[in-house]
Amino acid sequence: PLLSFLQWTLMSYMIEGGGSTTMSKAKSWLYRHPEASHQLLRLLADVVTDYLVGQVAAGAQALQLFESHAGHLGPEQFQDFALPYIRDIAQAVKSKLKEEALPLVPMIIFAKDAHYALRDLAHAGYEVVGLDWTIRPQEARAQIGKDVTLQGNLDPCALYAPKVSCGHRQQWGLVPACVKGLLPQFPHL
């Protein structure tokens with residue numbers, strides 16, 4: 001599978017000049033310059049789309065998209081500045097893959113700390129919704145129903161635990177088998 005960051009995460013790195021615990025510069029940019037923000041987000045979404053299609057052409061068999069800084073946005077900002085582009089990318093990638101007679105590969109969306117948007121993400125055109133370690137898979141399943149596969153929810157710090165204590169985590173944190181349609185996910189560090 002190919003991993004790729006999405007437009008809000010890319011934009012936040014561009015504006016912040018690197019990582020940040022608050023993304024305050026990037027968030028203030030959204031408030032002060034909403035039109036310019038949408039222009040940049042559209043440009044980034046188009047570039048990400050072309051990149052993903054190119055990767056499928058090169059042999060990628062699955063695409064996992066990370067909106068790693070989704071949790072820095074509140075529900076309204078996420079609705080305005082992230083979700084429309086997340087949807088557009090899924091639709092555009094699938095459309096371009098069909099146009100270019102490339103295989104339709106599974107697409108996975110992971111929006112860290114965006115629990116408030118799970119229902120929207122489940123209907124955004126992706127086959128799989130990735131979960132971070134701060135939500136129980138059973139709660140996510142109850143929110144989004146059974147039409148989309150869930151993936152993940154391993155705390156990345158669990159990788160530092162001794163092997164002896166990891167045995168009870170069902171092979172590095174795979175959640176209980178009672179959550180139907182759950183795939184493991186490599187932790188997001």
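It should be emphasised that the depicted structure is a prediction, and the values quoted were computed from it without experimental measurement.

What counts and how
Residues numbered from 1 in each chain as written. Predicted model: local features only at pLDDT ≥ 70, side-chain atom pairs only at ≥ 80, totals over all residues. Heavy atoms only, no water. Helix = DSSP H or I, 4+ residues; strand = E, 2+ residues; numbered from the N terminus. Buried < 20%, exposed > 50% of the residue type's maximum accessible area, 1.4 Å probe, protein only. Axes fitted to C-alpha atoms, helices over the stretch in contact; angles between N-to-C directions. Parallel < 35°, antiparallel > 145°, perpendicular 65-115°, else oblique. Contact = heavy atoms within 4.5 Å. Nonpolar A, V, L, I, M, F, W, Y, C, P; charged D, E, K, R; others polar. Polar contact = N/O pair within 3.5 Å; in protein donor to acceptor, adjacent residues only side chain to side chain. Core = buried A, V, L, I, M, F, W, Y, C linked by side-chain atoms within 4.5 Å. pLDDT = per-residue confidence, 0-100. Phe/Tyr/Trp six-rings, centres within 6.5 Å; stacked < 30°, edge-to-face > 60°.

Trainee: Just to check I follow, could you spell out unusual backbone geometry for this structure?
Mentor: Its identity is not glycine, yet M23 carries a phi of approximately 55°, on the positive side. Along the polypeptide, M23 turns up in the loop between α1 (7–16) and α2 (24–32). You will see that D113, though not glycine, has its phi angle at about 65°, which is positive. Tracing the chain through its elements places D113 in the loop between β3 (107–111) and α6 (118–122). Classification of D113 as partly exposed rests on a relative accessible area of 33%.

Trainee: In this structure, what is going on with the packing of α2 against helix α3 (residues 34–57)? I would like to understand it.
Mentor: Two packed helices can be described by the angle between their axes and the distance between those axes. The interhelical angle for the contact between α2 and α3, taken along N-to-C directions, is 115°, at an axis separation of 5 Å. On the basis of the axis angle, α2 is roughly perpendicular to α3. The segment α2 lies against α3, with W29, L30, Y31 and R32 engaging P34, A36 and S37. Among the residues forming the contact of α2 with α3, the class breakdown is five nonpolar, one polar and one charged.

Trainee: How do you make sense of the side chain of Q64 when you look at a structure like this?
Mentor: Within the secondary structure, Q64 is located in strand β2 (residues 63–67). Here Q151 takes part through its side chain, which lies 3.4 Å from a polar atom of the side chain of Q64.

Trainee: Explain α1 to me, please; I cannot follow it from the model alone.
Mentor: In an α-helix, one turn spans 3.6 residues, which is why side chains three or four residues apart end up on the same side. Buried within α1 we find Q7, W8, T9, M11, S12 and E16. Looking at the buried residues of α1, the elements they touch are β1 (2–5), α2, α3, β2, α4 (75–81) and α5 (83–99). G17, located one to two residues past α1, shows a positive phi value of around 80°.

Trainee: How should I be thinking about the nonpolar core in this particular structure?
Mentor: Across soluble globular proteins, you tend to see nonpolar side chains buried next to one another. Core analysis: the largest hydrophobic core is formed by 47 residues, its most contacted members being L63, L65, F78, I86, I89, L121 and Y126. The contacts of L65, once residues within four sequence positions are left out, are S4, L6, V48, L52, I89, M107, I108, I109, F110 and Y126.

Trainee: Would you explain the confidence of the model for the protein chain in this entry?
Mentor: Reading predicted coordinates in detail is not appropriate for stretches of low pLDDT. Per-residue confidence for the protein chain averages 87 on the pLDDT scale, and 85% of its residues sit at or above 70. The weakest mean pLDDT in the protein chain belongs to helix α9 (residues 170–173) at 43; the strongest belongs to α5 at 98. Segment residues 170–180 is flagged for pLDDT under 50; beyond a separation of four residues in sequence, or across chains, it makes 22 contacts in the model.

Trainee: Teacher, can you tell me more about the packing of aromatic side chains here?
Mentor: By convention here, two paired aromatic rings are described through the distance between centres and the angle between planes. Per the stated rule, a full pass over the model turns up three aromatic pairs. Ring centres of F5 and Y13 lie 6.2 Å apart, and the angle between their planes is 70°; this geometry places the pair in the edge-to-face category. Look at F5 and you get partly exposed, because its relative accessible area is 37%. With relative accessibility at 31%, the residue Y13 sits in the partly exposed group. For the ring pair F78 and Y116, a centre distance of 5.8 Å and an interplane angle of 80° mean the geometry is edge-to-face. With F78 in helix α4 and Y116 in the loop between β3 and α6, the pair connects residues that are 38 residues apart, well separated along the chain. A relative accessible area of 0% means that F78 is categorised as buried.

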